[in-house]
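A look at the structure
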Amino acid sequence: MITIINYGSGNIRAIGNIYDRLNISYKIASSPQEVHGAQKIFLPGVGAFDETISMLDKTGFREVLDKEIIQNKVPVIGICVGMQILAESSEEGSLPGLGYIKGRVKKIDETLLKQKPKLPHLGWNSIQIARVNTLLDGVDEEFGFYFLHTYYFECENDSDILATTNYGKSFASAINHENVYGIQFHPEKSHNNGVTLLKNFATL
Amino acid sequence: MLRSRITPCLLVHKKGLVKTVAFKDSKYVGDPINAVKIFNEKEVDELMVLDIDATKEGRGPDFEMIRNLAVECRMPFCYGGGVTTVEQAKKIINLGAEKVALSAAAIYNPGILKEIGNAVGIQSVVVVLDVKKKGLLGGYEIYTHNGQKNSGVKLKDFLIILNEIGIGELVINSIEDDGKMQGFDFKIFDFARNLTSMPMTILGGAGNIEHVREAISRFKIIGVAAGSLFVFKGKYKAVLISYPDKEERKKLYQI
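Quick caveat, the model's predicted, so the values are computed rather than measured.

Let us look at the overall build of chain A. The helix and strand tally for chain A stands at five helices and 13 strands. Here the C-alpha radius of gyration of chain A, 16 Å, is about what a compact globule of 204 residues would show, namely 17 Å. Projected onto the principal axes, the alpha-carbon positions of chain A cover approximately 50 × 35 × 30 Å. Excluding contacts between residues fewer than 6 apart, the proportion of contacts in chain A whose partners are at least 24 apart in sequence is 72%.

Below is the structure:
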């Protein structure tokens, strides 16, 4: 059972739709009580860094996430902004992040992009696997995933990088530290690759 | 490498899919959900669905339809039509759409873009501009309400505003080339490309894959949207949904 955190932002339904089709059970947690005893946690994300973090604080999710993820080592995946809030801080906002993976979120450097379009990084881009992990098993690296973002996660430790993607320069598009996973792209909108990844997460 | 996007653009009229010519003479081409199912199988890059009745009828988006579409879509889905408020935009994103498109509301009240951006993330906000050339030297003007109302706003001036706001994507739709399948009028798109660096999608005129190839080769990374190209087949415009297969696209992206 996957527990999808509903903190006001994020396209939860699109992720749920895929798990429905895969016949993988999930629940949408709209209150912290519903997260207790979770086996897998999903942090969706569309929106801004500070707004997402303050929603987690305001709704009381923060505390239960810390407990389940840090103490109980429940596997968690954050997508897009859900990944970025795993960092310690972000240039997009002023609030501290969850700090589950060491690093900070930075704006994509426009000056490194030699041609238009520049920002946001929008569309299908390939990934290059940096470290073998079940999460990316069976994924077609060249076909890649759908991206839509302006900020990216800069890991403090390269060993936390699962895959990289090039846009101006190479950045971490999938990360992992112990039980914590983050992906910058949108698996819920990435056809078979996305379905494969979501299925992989369910079997971790 | 980031790839260009080849995007079917579907128009909704009276709950069915239609295709127009120069924004008129709409021809029924099928059921939206059925079309999405076919586009899923073809693994299309993205899908854009525009409700062309909403603004004209002065009503908001049909959330039931959006919900049904979003459930089916396995590709990024952009909805546009009748969006005027932050609440509507939020609801559309929460129903599972990736992007929400505005046209009339953005032109008459650009401030709404920032407000919507604050709620759903500015990268998810798309602006669709229906444009037409004004005289020989008049530049390009933006139209609303299905191309029937001249907003009086010049494309050049409006792009400055959009650059300041920093939206996620700009769609330029050439009214006079709509449905004609005679190829893109690159003058309009060059004009817009030169004035902004945000992701751009061109719409209006694609009639065959060569037109798509031409656009990608010209802009390198671009969104190429089309309606007729992906719903009609042959000289007599029989309705048949098609989309270049993976191998064909691979070649297109590498130009």
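Still more ground to cover, so stick around.
As a further point, take the nonpolar core. Taken as a class, soluble globular proteins show a tendency for nonpolar side chains to be buried jointly. Residue and element names in this part refer to chain B. One finds Val100 and Ile172 to be the most contacted residues of the largest nonpolar core, which totals 150 residues. At six residues, strand β7 (residues 125-133) tops the list of elements feeding residues into this core. Residues within four places of isoleucine 172 in sequence aside, it is in contact with Leu129, Val131, Ile188, Phe189, Ala192, Met200, Ile202 and Leu203.

If you look at the interface, chain B gives 29 residues, while chain A gives 26 residues. Counting only elements with at least two residues in the side of chain B that touches chain A, the list comes to α3 (63-72) and α4 (86-94) of chain B. Taken together, the residues of the side of chain B that touches chain A break down into 13 nonpolar, seven polar and nine charged.

Let us look at the packing of α4(B) against helix α6 (residues 111-120) of chain B. Residue and element names in this part refer to chain B. Packing of α4 against α6 leaves a shortest axis separation of 9 Å and a crossing angle of 40°. The handedness of the crossing between α4 and α6 comes out as right-handed. Here α4 contributes Val86, Ala89, Lys90 and Ile93 to the contact with α6, which in turn contributes Glu115, Ile116, Ala119 and Val120. Of the residues that constitute the contact of α4 with α6, the class distribution is six nonpolar, no polar and two charged.

Conventions adopted
Counting from 1, residues in each chain are numbered in the order their sequence is written. Each chain is given a letter, starting from A, and each ligand a number, starting from 1, according to the order in which they appear as written. For this predicted model, a pLDDT threshold of at least 70 governs which residues receive local features, and a threshold of 80 or more governs which side-chain atom pairs are given and counted, while totals over whole chains, interfaces and linings are taken from all residues. Helix numbering and strand numbering both begin at the N terminus, where a helix is a DSSP run of H or I of at least 4 residues and a strand a DSSP run of E of at least 2. Only C-alpha atoms enter the radius of gyration, while the globule expectation follows 2.2 Å times N to the 0.38, with N the number of residues. We call two residues in contact when their backbone-placed C-beta atoms lie within 7 Å. What we call a nonpolar core is a set of buried Ala, Val, Leu, Ile, Met, Phe, Trp, Tyr and Cys residues whose membership is set by joining through C-beta atoms within 7 Å. Each residue is classed by its C-beta neighbour count within 10 Å, where at least 20 other C-beta atoms makes it buried, 12 or fewer makes it exposed, and intermediate counts make it partly exposed; the C-beta atoms are placed from backbone geometry. Each residue gets one label: Ala, Val, Leu, Ile, Met, Phe, Trp, Tyr, Cys and Pro are nonpolar, Asp, Glu, Lys and Arg are charged, and the others, such as Gly, are polar. Fitted lines through C-alpha atoms give the axes, limited to the stretch in contact for helices. The angle between two N-to-C directions lies from 0 to 180 degrees. Here a crossing is called left-handed whenever its near helix is offset anticlockwise from the far helix by less than a right angle, and right-handed whenever the offset is clockwise.

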